[in-house]
Protein chains: 2
Amino acid sequence: MSVLAVGTLALDYIETPWDKTDEILGGSATYISLAARLLTEPVGMVAVAGRDFPEAHKQLLISKGVDLSGLQVLSDQDTFAWGGRYHDNVNVRDTLFTHLNALAEFDPVVPDAYRNSKVVCLGNLSPDIQATSLNQLNARGFIACDTMNYWIANTPEALRDVLAQIDCLLINDEEAYQMTGEHNLILSARKILTLGPRILIIKKGEHGAMLFIEEQIFTVPGFPLDKVRDPTGAGDSFLGAFAGSLACEPNIGLDALKRAVIYGSSVASFCVEAHGPFQLVNTLPAAVEERTRLFRELTEWPVSHERRGA
Amino acid sequence: MSVLAVGTLALDYIETPWDKTDEILGGSATYISLAARLLTEPVGMVAVAGRDFPEAHKQLLISKGVDLSGLQVLSDQDTFAWGGRYHDNVNVRDTLFTHLNALAEFDPVVPDAYRNSKVVCLGNLSPDIQATSLNQLNARGFIACDTMNYWIANTPEALRDVLAQIDCLLINDEEAYQMTGEHNLILSARKILTLGPRILIIKKGEHGAMLFIEEQIFTVPGFPLDKVRDPTGAGDSFLGAFAGSLACEPNIGLDALKRAVIYGSSVASFCVEAHGPFQLVNTLPAAVEERTRLFRELTEWPVSHERRGA
């Protein structure tokens, strides 16, 4: 695979100030793989679903070019289900319910054809499951890993073991603060970079993202949007597009990482424009390129930044 | 004047999680003029102080090249005084006290020598005082204006009259939301640009700033800092440096405005590194240029943003 997404499949129920969904396709593996497919191929997933996972969701993923040979379907379980409600300020949400269901039994098996993937995304899962997946890889590709507050608080040792094996951690600002006890992004980043990953991406939602590698920093603002409908999956979409961009690069140096952060931001900005993964599904690669060109324009400094009369 | 700052002089008392100050020099006119002086000269202020305003504060401003011929000292009043306490998250603060004192009597008089200033900054003051200042200007320079939640809520009509007369409004994101009832920066900006100003800057604190002019947007992240000691005056410093940069430009077009936003961000990043205006006082123009070059590096996209293998 060019990109392998290890993550969750979910049936999501989402309420926003504007509307609410039926049970829709969700989960980190969904967002990561759909986002990666906008930039590269082939893309596969290792994930688990239950007996109630609709065939239509599978067909949708397949139709978008996602390889499902790493998908396990447990016949005696339902699919992981999550419900959330966003506030008027869509940066704030309440979890309405979390039913682990099949996810509680997830014992990932990486198919032979996936074991030499160029970029592996470990979506937000228990560090034990992430480690089990890592152990099945042959040649080491580039390992990008997500996590969340629950694992930082409850399984810190298992998480440390994973951090020691990855190339790049991608988390949000609150998670970086929680992991380090700092309330400053640079100080947090310095601490995290001592824990194993060579590279750290801190995602700041609408405020953009920061890349840290050794002593170097690259910072991008968020792509300005006049319509934000549902932030679900934005971070996973960032991860998937980041991975998809890196998978195209012959060498993963600073410029390649910058490009990956830019594509991550760009693709995540599509994700939030509609409910669930549907804007990712409906976006064409050419639209990603067009938005990324516009993103460049919106952030581009004058040729000389020194004021003229100085 | 190259830049005229109309604003407050204050005696500030500031508590942070780390320490607290004695009564220190503060006020929007202080920060605006010190920041502007890092980029241009001459810079003057129209402001009011009371009988207790220390001679040492006046001498400090004069020593940094700020012209005080527009300063009124009321012999029967004390100086405007403000106290604030910042939380562990320094983006959150409580006001401990506000004593208007001399500010309640402020009837600004713009000296003749100031009436043709190239860039005029209307610092955060009542819209009536801002309007009284505007009415005393001869040739119209570039008018940049700040305001705050209190005036938006309590004197909306007077504020509208001021907005109709200015070139550029600079406010923070919460103020933009409050002014428009929107909770999206682009939608807020579109509404504000119908109210008079041709140009809008939305300041987002550590998250950077956005420039809106007609249909064009320029967005910069915040300059990443590993030490934030006291955010007091950051917005005023942004305004002062923005004005100082513009005052050097032969033409105020998009690139000149971008440069002004960049210098505003850069100088504001110095301000927050120490209590009150002391980091502005201790910063040399060459350090501003150096930080601005570094800021460029931290935000610079690769020559080609398109992923290599695409």
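Residues numbered from 1 in each chain as written. Chains lettered and ligands numbered in written order. Predicted model: local features only at pLDDT ≥ 70, side-chain atom pairs only at ≥ 80, totals over all residues. Heavy atoms only, no water.

### Focus on the confidence of the model for chain A
Then comes step 1: Chain-level pLDDT for chain A is 96 on average; 99% of the residues reach the 70-or-more range.
Then comes step 2: Scoring of the predicted complex yields 0.95 for pTM and 0.92 for ipTM. (pLDDT = per-residue confidence, 0-100.)

### Considerations on the relation of the copies chain B and chain A
Then comes step 1: Expressed as a screw transformation, the operator carrying chain B onto chain A has a rotation angle of 180° and an axial translation of 0.0 Å, and the superposed copies differ by an RMSD of 0.0 Å. In short, the pair behaves as if placed about a two-fold rotation axis. For chain B, the smallest separation between a C-alpha atom and the rotation axis is recorded for proline 221 of chain B, amounting to 2.5 Å.
Then comes step 2: Comparing contact sets, 100% of the residues at the interface of chain B also lie at the interface in chain A, consistent with an isologous, same-surface contact. (Least-squares fit on C-alpha atoms with pLDDT ≥ 70 in both. Contact = heavy atoms within 4.5 Å.)

### Details of the interface of chain B and chain A
Then comes step 1: Taken together, the contact pairs 50 residues of chain B with 50 residues of chain A.
Then comes step 2: Here chain B packs against chain A, burying approximately 4600 Å² in sum over the two surfaces, 54% of which is carbon and sulfur.
Then comes step 3: At the junction of chain B with chain A, the criterion picks out two salt bridges.
Then comes step 4: Of the charged contacts, one joins arginine 190 of chain A and aspartate 226 of chain B as a salt bridge, the two residues approaching to 3.1 Å between their closest N and O atoms. (Buried area = accessible area lost by both parts, 1.4 Å probe. Salt bridge = Lys/Arg side-chain N within 4 Å of Asp/Glu carboxyl O.)

### Some thoughts on the pattern of salt bridges
Then comes step 1: Applying the stated criterion across every chain, the model contains 28 salt bridges over all chains.
Then comes step 2: Salt-bridge contacts for arginine 259 of chain B lead to glutamate 249 of chain B; the nearest nitrogen and oxygen are separated by 2.7 Å. On the criterion of sequence distance, the pair formed by arginine 259 of chain B in helix α9 (residues 254–271) and glutamate 249 of chain B in the loop between α8 (234–247) and α9 is long-range, its members being ten residues apart.
Then comes step 3: Judged by relative accessible area, which is 2%, glutamate 249 of chain B ranks as buried.
Then comes step 4: Several salt bridges converge on common partners, so that one network encompasses Arg140, Asp167 and Arg198 of chain A. (Helix = DSSP H or I, 4+ residues; strand = E, 2+ residues; numbered from the N terminus. Buried < 20%, exposed > 50% of the residue type's maximum accessible area, 1.4 Å probe, protein only.)

### A short note on the side chain of serine 133 of chain A
Residue and element names in this part refer to chain A.
Then comes step 1: By the secondary structure assignment, serine 133 is in helix α3 (residues 127–134).
Then comes step 2: Taking relative accessible area as the criterion, serine 133 reaches 2% and is therefore assigned buried.
Then comes step 3: Setting aside residues up to four positions removed in sequence, serine 133 forms contacts with Val6, Pro108, Val110 and Leu122.

### A word on the packing of α8 of chain B against α9 of chain B
Residues and elements named next belong to chain B.
Then comes step 1: Packing of α8 against α9 brings their axes to within 7 Å, and their N-to-C directions diverge by 140°. Regarding the angle of α8 to α9, the classification is oblique. Considering only the axes of α8 and α9, their crossing is right-handed. In contact with Ala234, Ser237, Phe238, Ala241, Phe242, Ser245 and Leu246 of α8, α9 contributes Ala256, Leu257, Arg259, Ala260, Val261, Tyr263, Gly264, Ser265, Val267, Ala268 and Cys271.
Then comes step 2: Residue classes in the contact of α8 with α9 are distributed as 13 nonpolar, four polar and one charged. (Axes fitted to C-alpha atoms, helices over the stretch in contact; angles between N-to-C directions. Parallel < 35°, antiparallel > 145°, perpendicular 65-115°, else oblique. Left-handed = near helix turned anticlockwise from the far one by under 90°. Nonpolar A, V, L, I, M, F, W, Y, C, P; charged D, E, K, R; others polar.)

### Things to note about the side chain of histidine 207 of chain A
Then comes step 1: Take histidine 207 of chain A: it is sitting in the loop between β11 (199–203) and β12 (209–213).
Then comes step 2: What histidine 207 of chain A contacts, discounting residues up to four positions off in sequence, is Val220, Pro221 and Gly222 of chain A together with Lys204 and His207 of chain B.

### Things to note about the packing of aromatic side chains
All names here are of chain A.
Then comes step 1: In this structure the tally under the stated criterion is eight aromatic pairs over all chains.
Then comes step 2: Summarising the aromatic geometry, the rings of phenylalanine 223 and phenylalanine 295 are spaced 5.6 Å apart at their centres and angled 80° between planes, so their arrangement reads as edge-to-face. Of this pair, phenylalanine 223 sits in the loop between β13 (216–220) and α8 (234–247) while phenylalanine 295 sits in helix α11 (residues 285–299), and the two are 72 residues apart along the sequence.
Then comes step 3: Residue phenylalanine 223 is classed as buried on the basis of its relative accessible area, which comes to 11%.
Then comes step 4: Exposure remark for phenylalanine 295: the relative accessible area of 0% places this residue in the buried category. (Phe/Tyr/Trp six-rings, centres within 6.5 Å; stacked < 30°, edge-to-face > 60°.)

### Regarding unusual backbone geometry
Then comes step 1: The omega torsion of the bond from glutamate 41 of chain A to proline 42 of chain A falls at -5°, within 30 degrees of zero and hence cis.
Then comes step 2: Structurally, the position occupied by proline 42 of chain A is in the loop between α1 (28–37) and β4 (43–50).
Then comes step 3: With a phi angle near 50°, asparagine 101 of chain B is a residue other than glycine that sits in the positive phi range.
Then comes step 4: The residue asparagine 101 of chain B is located in the loop between β7 (93–99) and β8 (119–122) in this model.

### Here's the deal with the pairing of strand β9 (residues 142–146) of chain A
All names here are of chain A.
Then comes step 1: Within β9, five of the five residues are buried, leaving the element largely enclosed by the surrounding structure.
Then comes step 2: Of the two faces of β9, the one holding Phe142, Ala144 and Asp146 and the one holding Ile143 and Cys145 are both buried throughout.
Then comes step 3: For the handedness criterion, the β-α-β arrangement of strand β8 (residues 119–122), α3 and β9 is classed as right-handed. (Right-handed = clockwise from strand over helix to strand, strands pointing away.)

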